[in-house]
Amino acid sequence: MIELAFVACLSAAPEACEKRSLYYSDDLSPQACLLRAPPELAKWVMDHPKYRVSSWRCRVRPATERDA
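Notes on the structure follow. On a predicted model such as this, the values are computed, not experimentally measured, just so you know.

**A word on the sheet that holds strand β3 (residues 51-60)**
If you trace the three strands from one edge of the open sheet to the other, you get β2-β1-β3, paired in antiparallel fashion. The open sheet has two edge strands, β2 (17-24) and β3, and neither has a second partner. Adjacent strand axes in the sheet meet at a mean angle of 20° when their direction is disregarded. In this sheet, β2 lies alongside strand β1 (residues 2-10) in antiparallel orientation, the contact comprising eight bridges. Bridge pairing in β2 links Phe-6 to Arg-20.

Shown next, in the form of structure tokens:
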């Protein structure tokens, strides 16, 4: 599973940040995640207007971290 991990901070309180993730199926490569991430994050910010994204990365989520 590919994870788009990002940090979202409240626009009004930049020190108030949360770690968030969006997940893609295994058939998406990390490189494709890098290309898909900016529009996905822009959409997320439009749906959550009180937040801004301060950082993000794509990674392969290890099987040990997967939900049962």
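And the narrative resumes.
**Brief notes about the pairing of β1**
Along β1, seven of the nine residues are buried, which leaves the element largely enclosed by surrounding structure. The turn joining β1 and β2, which pair antiparallel and follow one another in sequence, is formed by six residues. Bridging between β1 and β3 involves nine bridges; their strand directions are antiparallel. Counterpart to Val-7 in the pairing with β3 is Ser-55.

**Description of the packing of aromatic side chains**
Scanning the model with the defined rule gives two aromatic pairs in all. A centroid spacing of 5.1 Å and a plane angle of 70° characterise the contact between Phe-6 and Trp-44, whose relative ring orientation is edge-to-face. Of this pair, Phe-6 sits in strand β1 while Trp-44 is found in helix α1 (residues 30-47), placing the two residues 38 residues apart along the sequence. According to the relative accessible area criterion, Phe-6 is buried, its value standing at 3%. Residue classification places Trp-44 among the buried positions, given a relative accessible area of 9%. Grouping aromatic residues by their ring pairs yields a cluster made of Phe-6, Trp-44 and Tyr-51. The ring of Tyr-51 has Arg-20 lying over it, and the distance from NZ or CZ to the ring centre is 5.6 Å.

**What about α1?**
Over its 18 residues, α1 extends 24 Å from the first C-alpha to the last, a length consistent with the 26 Å expected when each residue adds 1.5 Å. Taken as a whole, α1 carries its principal kink of about 45° at Arg-36; the proline Pro-38 stands between one and four residues after it. What α1 keeps buried is the set Cys-33, Ala-37, Leu-41 and Trp-44. The inward-facing, buried residues of α1 contact β1, β2 and β3.

Conventions adopted
- Residues numbered from 1 in each chain as written.
- Predicted model: local features only at pLDDT ≥ 70, side-chain atom pairs only at ≥ 80, totals over all residues.
- Heavy atoms only, no water.
- Pairing = 2+ DSSP bridges.
- Helix = DSSP H or I, 4+ residues; strand = E, 2+ residues; numbered from the N terminus.
- Axes fitted to C-alpha atoms, helices over the stretch in contact; angles between N-to-C directions.
- Buried < 20%, exposed > 50% of the residue type's maximum accessible area, 1.4 Å probe, protein only.
- Phe/Tyr/Trp six-rings, centres within 6.5 Å; stacked < 30°, edge-to-face > 60°.
- Lys NZ or Arg CZ within 6 Å of the ring centre and 35° of its normal.
- Expected span 1.5 Å × (residues − 1).
- Bend = angle between axes of the 7 residues up to and from the residue.
- Contact = heavy atoms within 4.5 Å.

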